[in-house]
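Chain and residue survey
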Amino acid sequence: QVHLVESGGGLVQAGASLRLSCIASTGAVRGMGWFRQAPGKEREYVASVGYSGIGPVYADSVKERFVISRDNAKATVYLQMNNLKPEDTAVYYCARARFVSAARGQNDYDLWGQGTQVTVSS
C-alpha cells in the first residue's frame, strides 16, 4: 500500500525558514501538492507541481515566500518555506494528484499524508 510521510515541521519565530519533506513509499508519475489546515479553518491549497517539475502553482498567500520542488529519484517532494508568518501556522499535508500535472483542487488528489505541524510565533 502506497503512503506519504511528511517531516520537517516545527516551532519557529516569524521570519524564519523551514523545509518540509514528503516521501512516498513508491514513486508514481503524478503531480504532488501541499495543503494546510489551521485550527478552526478548512484545509486550504498551498502549492503543487507536476511530475516533471514544471508548472508550480502557488496560493497567493505564499507566493514569493514558498518554493515547491521534487526529486523523483527519491520519490520526495519538498516545500521550502521562507519568511514565515504567524498566519502560516497550520498542519501541512502533502498529497498525490490523480494526474501528472499540478492541481489546485482537493478533489484532484487521491492520496494524503498524515500531516506535520508548523507553528510560527510572533
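Residues numbered from 1 in each chain as written. Predicted model: local features only at pLDDT ≥ 70, side-chain atom pairs only at ≥ 80, totals over all residues. Heavy atoms only, no water.

What follows is about the overall build of the chain. A tally of helices and strands in the chain yields 0 helices and 11 strands. The C-alpha atoms of the chain give 13 Å as radius of gyration, which agrees with the globular expectation for 122 residues (14 Å, within 12%). Long-range contacts, defined as pairs at least 24 residues apart, comprise 59% of the intrachain contacts of the chain with a sequence gap of at least 6. For the chain, the exposed surface amounts to about 6300 Å²; the carbon and sulfur share of it is 49%. Looking at charge distribution, the chain has the averaged site of its 13 positive side-chain charges lying 4 Å from that of its 10 negative ones. (Helix = DSSP H or I, 4+ residues; strand = E, 2+ residues; numbered from the N terminus. Rg over C-alpha atoms; globule rule 2.2 N^0.38 Å. Contact = heavy atoms within 4.5 Å. Areas by Shrake-Rupley, 256 points an atom, 1.4 Å probe, with all protein chains shown as cover. Lys, Arg positive; Asp, Glu negative; His and termini not counted. Charge placed at Lys NZ, Arg CZ, Asp CG, Glu CD.)

With that settled, the discussion passes to the state of the cysteines. Here the structure, examined in full by the defined rule, presents 1 disulfide. Each sulfur of the disulfide joining Cys-22 and Cys-94 lies 1.9 Å from the other. Judged by the torsion about the S-S bond (40 degrees), the Cys-22/Cys-94 disulfide is right-handed. Placement of Cys-22 in strand E3 (residues 18–24) and of Cys-94 in strand E9 (residues 90–97) is noted, with a sequence separation of 72 residues between them. One exposure class covers both Cys-22 and Cys-94, and it is buried. (Disulfide = S-S within 2.5 Å. Buried < 20%, exposed > 50% of the residue type's maximum accessible area, 1.4 Å probe, protein only.)

Once that is clear, we can look at the environment of Gln-106. Relative to the assigned elements, Gln-106 resides in the loop between E9 and strand E10 (109–112). The class of Gln-106 is partly exposed, set by a relative accessible area of 29%. C-alpha of Gln-106 to C-alpha of Gly-33: the two residues are 73 residues apart in sequence and 9.4 Å apart in space. Other than its neighbours up to four places away in sequence, Gln-106 contacts Phe-35, Arg-43, Glu-44 and Trp-112.

Let's shift gears to the pairing of strand E4 (residues 32–37). Counting buried positions along E4 gives 5 out of 6 residues, so the element sits mostly inside the fold. Bridge count for E4 against strand E5 (residues 44–49) is 5 bridges, and the pairing is antiparallel. Along E5, the bridge assignment pairs Trp-34 with Ala-47. Where E4 hands over to E5, the hairpin turn is made up of 6 residues, of which Gly-40 adopts a positive phi near 75 degrees. As paired elements, E4 and E9 share 6 bridges and run antiparallel to each other. (Pairing = 2+ DSSP bridges.)

Geometry only, nothing functional implied.
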